[in-house]
Amino acid sequence: MNEHSNKWIGQRTIRPDGADKVTGRAAFGADTTMPGMIWGKVLRSPHAHARIRSIDTSKAESLPGVKAVVTARDIVNFTTDKPFILGIQDMRWMCRNVMAREKVLFHGHPVAAVAAATEEIAAEACKMISVEYEVLPWVIEIEDAIKPDAPILHEFNKLDGKPSNITGKLEHKLGDIAAGFAQAEVIVERSFKTRPVHQGYIEPHACLVSVASDDKTTIWSSSQGQFMVRAMTALLTGLTQSDIRAIPAEIGGGFGGKTIVYLEPLATMLSKKSGRPVKMVMSREEVMRASGPTSGSSSTVKIGATKDGRIVAAHGIYYLQAGALPGSPIRGAAGCSFAPYDIPNVLSQGFDVVSNRSKVVAYRAPGAPIGAYAVECVMDELAVALKMDPLELRLKNAAKQGTKAAHGPVYPRIGFVETLEAARAHPHYKAPLGKHHGRGVASGFWFNAGGESSAQVNITEDGNVVVMTGHPDIGGSRAAIANIAAELIGIDYKSVSVLIGDTATIGYSNMTGGSRVLFASAMVVTQSAEKVITILRARAAKIWNIDPDAVTWEDGAARPAGDNAGKFAPLTLAEIAAKATETGGPIGAGVQLNTTGAEGGFATHICDVEVDVDLGIVRVLRYTAFQDVGKAVHPSYVEGQMQGGVAQGIGWALNEEYIYNRNGQVDNAGFLDYRMPVCSDLPMLDAVMIEIPNPKHPQGVRGVGEVPLVPVMAAIANAIHDALGIRFYSLPMSPPKVLEALDLPRAAE
Amino acid sequence: MAKLHVTTTINGDPVEFLCEPHHTMLDVLRGSLGLTGSKEGCGSGDCGACSVTLDGRLVCSCLMLAAEAEGHQIRTIEGMAEGEMLHPLQQKFLEMAALQCGICTPGMLVAAKALLEHNQEPTETEVRYWLAGNLCRCTGYDKIVRAVLETAAEMRGAAR
Amino acid sequence: MTDIRYLAPRTLDEAVGAFAAAAGAARILAGGTDLLVQMKAGTVSPGLIVDIKKIAEMTTIEETADGGFCIGAAVSGAVLGEHPRFGKVWPGVLEAVNLIGSTQVQGRATAGGNLCNGSPAGDSVPAMIAAGAIVTVQGPKGRRQMSVEAVPAGPGRTNFAPGEILVAFTLPPRPKGSGDAYLRMIPRTEMDIAVVGCGVSLTLEKGICTAARVALGAVAPTVLLVEAAAKALVGTKLDAADLDTAAAACSASCRPIDDKRGTIAYRTKVAGVLLKRTAAIAADRAGKV
Ligand SMILES: Cc1cc2nc3c(=O)[nH]c(=O)nc-3n(C[C@H](O)[C@H](O)[C@H](O)COP(=O)(O)OP(=O)(O)OC[C@H]3O[C@@H](n4cnc5c(N)ncnc54)[C@H](O)[C@@H]3O)c2cc1C
Ligand code: FES
Ligand code: FES
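Residues numbered from 1 in each chain as written. Chains lettered and ligands numbered in written order. Predicted model: local features only at pLDDT ≥ 70, side-chain atom pairs only at ≥ 80, totals over all residues. Heavy atoms only, no water.

**Considering the interface of chain C and chain B**
With 29 residues of chain C in contact, the opposing surface of chain B contributes 32 residues. Of the roughly 2300 Å² buried where chain C meets chain B, counting both sides, 61% is carbon and sulfur surface. At the junction of chain C and chain B, the tally comes to four salt bridges. Among the ionic pairs, K53 of chain C bridges to E68 of chain B, the shortest N-O distance being 2.6 Å. Run the count over chain C and chain B and you get seven residue pairs in polar contact (both at pLDDT 80 or more). At the level of secondary structure, the elements contributing two or more residues to the side of chain C that touches chain B comprise β1 (5-7), α2 (35-41), β3 (48-51), α3 (77-82) and α6 (103-106) of chain C. Here the side of chain C that touches chain B is composed, by residue class, of twelve nonpolar, eight polar and nine charged. (Contact = heavy atoms within 4.5 Å. Buried area = accessible area lost by both parts, 1.4 Å probe. Salt bridge = Lys/Arg side-chain N within 4 Å of Asp/Glu carboxyl O. Polar contact = N/O pair within 3.5 Å; in protein donor to acceptor, adjacent residues only side chain to side chain. Helix = DSSP H or I, 4+ residues; strand = E, 2+ residues; numbered from the N terminus. Nonpolar A, V, L, I, M, F, W, Y, C, P; charged D, E, K, R; others polar.)

**As for the domain arrangement of chain B**
Residues and elements named next belong to chain B. Each assigned domain of chain B is listed here: domain 1 (4-79) and domain 2 (88-159). Averaged C-alpha coordinates put domain 1 and domain 2 at centres separated by 22 Å. With twelve residues of domain 1 in contact, the opposing surface of domain 2 contributes twelve residues. A combined buried area of about 960 Å² lies between domain 1 and domain 2, and 67% of that area is made up of carbon and sulfur atoms. On inspection of domain 1 and its partner domain 2, the count reaches zero salt bridges. Inspection of the domain 1/domain 2 interface yields three residue pairs in polar contact (both at pLDDT 80 or more). Ranked by residues supplied to the side of domain 1 that touches domain 2, first place goes to strand β3 (residues 51-54) with three residues. (Domains from an automatic or database assignment.)

**Examining the interface of chain B and chain A**
How big an interface is tends to be stated in terms of accessible area lost as the parts join. The interface of chain B with chain A comprises 44 residues on the first partner and 51 residues on the second. Regarding the contact of chain B and chain A, the summed buried area is about 3900 Å², with carbon and sulfur atoms giving 60% of it. On the chain B side of the contact with chain A, L94, Q100 and R137 of chain B bury the most area, a combined 22% of that side's loss. Linking chain B with chain A are four salt bridges, by the criterion used here.

Structural data, given as structure tokens:
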């Protein structure tokens, strides 16, 4: 930790990319063109589940204006018997997700793609491709998919020797739950259901790809990782990584949904075949049908405590929908759900279930909100049963430094207790409530992440600073990096320009996801800046002809370390830069690291709701989120992460869901009927940042992006219970569901 | 297919273009006119990312045929700043971090400007309902609403 | 690809001529907030688009000598909202028209399009029916008038003869002591299609309801004029018990479907709830003490 007072770290500076973004100049995924560019479109499956007997593209190919057609034959096949892991993805599933191979597995699954002179011709050509399908029985919901007679999506997947839709399992264990529950005096056990929800980024997936005749490839696309785009596209097309230059466009929201490729490999093959740059942009409908939501779930949570409120055992079982191909975030659900608490006996189990809906992909703290919804609702019931205040119950069992978590770690200094104490002391917690109003609280945890990161810090000839990193900036990370570089080098933040490099200009950097970006990039930028300062001191030493150790760097200038070093007027960055050529050449330094030490993030939320008891409508009246943010390098964008996560959680809790029709097709594949929160649905969202610095990070940074979504659904469910005395065990808590429950005759709780 | 020839005014400049009859204003802005500041989040009127004004009235450019621009005045995000001078809303959005990814920002700004031209003293509720057709998934709207309210207050102060 | 033509005639006769000549392949373009969405989705692909916004008669609002209103079919919600008098006389109709979509949609969308689109959930339709509005239509065979409730034929269909265009709505003059209101149930606060909509218009004389019209949206294949509910209100003081009776009549009249926007049970129940709330607002506006 830097103990000196901060000039820039913690300031609400103006983001480096800001002016471009408020004037419409910033170039997002769909905003570029290339000379000779043509358009690609995807033909998608009309069936939820079918075997592909044959595909005839000849008619489409002969339509004037059509330049290329690709099918699964043009995409590298990763055979189902051999796992091929890239990051958290398995290329066996990726290759089948970007283009259906043996079978179509969901309505909207790509079957072929066409590139043509115009979008209209490409769309027309798609209609001229004839696909012969053998339609198969399909299954959408978890309960149906795990029935013994369920239609099987992947015959090769076996459970206990029999084909099954359960495609993965995971278990975290601590102590002995049987012994733990035997000690318990109060036990609450409940089952919960959640629906898949979409990340809802406003920018649809888009890319522009140019493959030259020597295979030199440029990919311009909107993603959460240009290196992911390069690696996946290389694997799926057979190109080598060094031939691909993946350029990160400005990204219009991702929330995890842009951590895999959909269009890039198709556009690459279309460009390779046609010899022309190919642009592809998904429609909103395609985004909703075929890009990843997060899992729906079916879980059971059981928690036992002694009468004094000490939790002695906890058991969680989480079945998560993976969509059509394996890989749901069971680790997040099973790993995070009990992580806020110090519980001696824990069993937390996750099951991955496939069904005929689009493949899930990460969504803000993947899996954790699903687990927390169940656990935090049970905690609320437990507090009622124990006649304890729900924050007291959490405080009594809160994880602290030294607590051993079931998912593995022994916590270093963490700030969970502080979030609970801040919530308890906040005026919101005591504010009066009106009729049909209710208040709920809930907590949440996310692992956070480090991983690979690269940075380059260069001093310009006129004495300014250019910083380059490799993680796409989705929410203002460039602003925070500018603050850090300005702080360390001791110059005005406006003298620092921060850029995101492409795969050819910056070293490998892992994706923007898992709340890793500022944690990791701050580390490499700090180390690069420190190297640069060392160089600057050496240059000053050379100019003064003294020992480099006799030079210090303060306030943006080299100074003699003390009277013994000699009497010299300070040399500013600009003065040293001007003499760079004579003193040894250009000044700059880069660092590439696999960063570690990302410690978990915790939050506690308070939510007030009002229920219209005649219509079943729930409105959020007031919301306050308390979070251990480590160090808020740029407080506005930390608050922004918290507020954005809460808003997404409110949508998840109250209205968002996919509605399937009788043919296994999504019936509400658009914003109008998917119902994300609009501006008038929400109150101001108060973000209370609690700064317990991460001891393992130079600025004390913890990830902040994921945690804010984790507690929301439970906080709202608990608030509704407070208002109505009714508990809801499934999401969304939409008006018909709420009204139906209100109309049921109720036994006193 | 016979293309239509359209003469219109965009951000104060005379503009002529050719379009297909089914092309939307957004198609033409983003396509042949290269004004990609207006974004397409849905193409169906639901997100407001494509917001422009037509003779001063806020509309979704994805719900307007390009042919309908004939003889009218269109303003887009590209016409919001005056030369080097950002509009007070643009400046306030930067200062108050009212954008995260920034994809909704052009539409939000165009819509907010139309609000302040129509109502110099909007309440929070009025801001929220006026902007209800502009989806933002990143910010939870908090900082956007605050930035609009604060800009309105400052503009009133400056006008006094 | 279908070949599309675009026309923006300046007179109604030209519009009717071109529309009728295209014999079914043509679509009228008012605000386009339904038509363009449907074209994009591929559910309609017209051969000819006839834009009616350049026709003077269709874009004006006129207060008639007797105190009624004549609203051109191409008047947008935003323009109607800016009229100095209309909202004072017909606050419920204006609320309903102004509930259609976002500010952006309001800048374009028309009550005419809302009616002609034929959605049972169109917000302005129940309010117009409750108001007793009449439409003027013009076709190859000339002009005629019909009540708004006679227009919808089923989801997406109207009772217009081939080639007929909706020209204007006429709202009758208001007797003293009248009030109208429109409420809808949507899950969010904005940007949703009505799960149920309810329009009420009534007249009070010395505290007694002497006339009432009630219409419900999104509870049947077309917007319903619920005469039983109106009957339950007329002759009463609109006390809680009277509203309960009318609410029951509303629920009984529902023939809804289960769809992505709501369930049968929910819509049926909500129809009654909305009647009570809407009638209370209308009564208040009519001067109920
Ligand atoms: C984002 C969004 C939100 C919406 N929210 C709502 C809502 O809350 N409530 C609601 O009710 N609707 C809503 N709608 C639907 C739509 O805006 C309304 O139905 C609107 O009133 C349609 O009017 P328009 O002038 O835009 O119609 P257009 O799209 O121009 O026309 C609609 C149909 O009517 C025909 N037509 C139009 N005028 C005439 C005429 N004069 N004679 C004959 N035929 C004609 C057209 O050919 C077309 O088939 C929404 C739409 C969008 C995109
Ligand atoms: S793109 Fe026009 S409203 Fe979404
Ligand atoms: S800032 Fe990303 S959608 Fe608004």
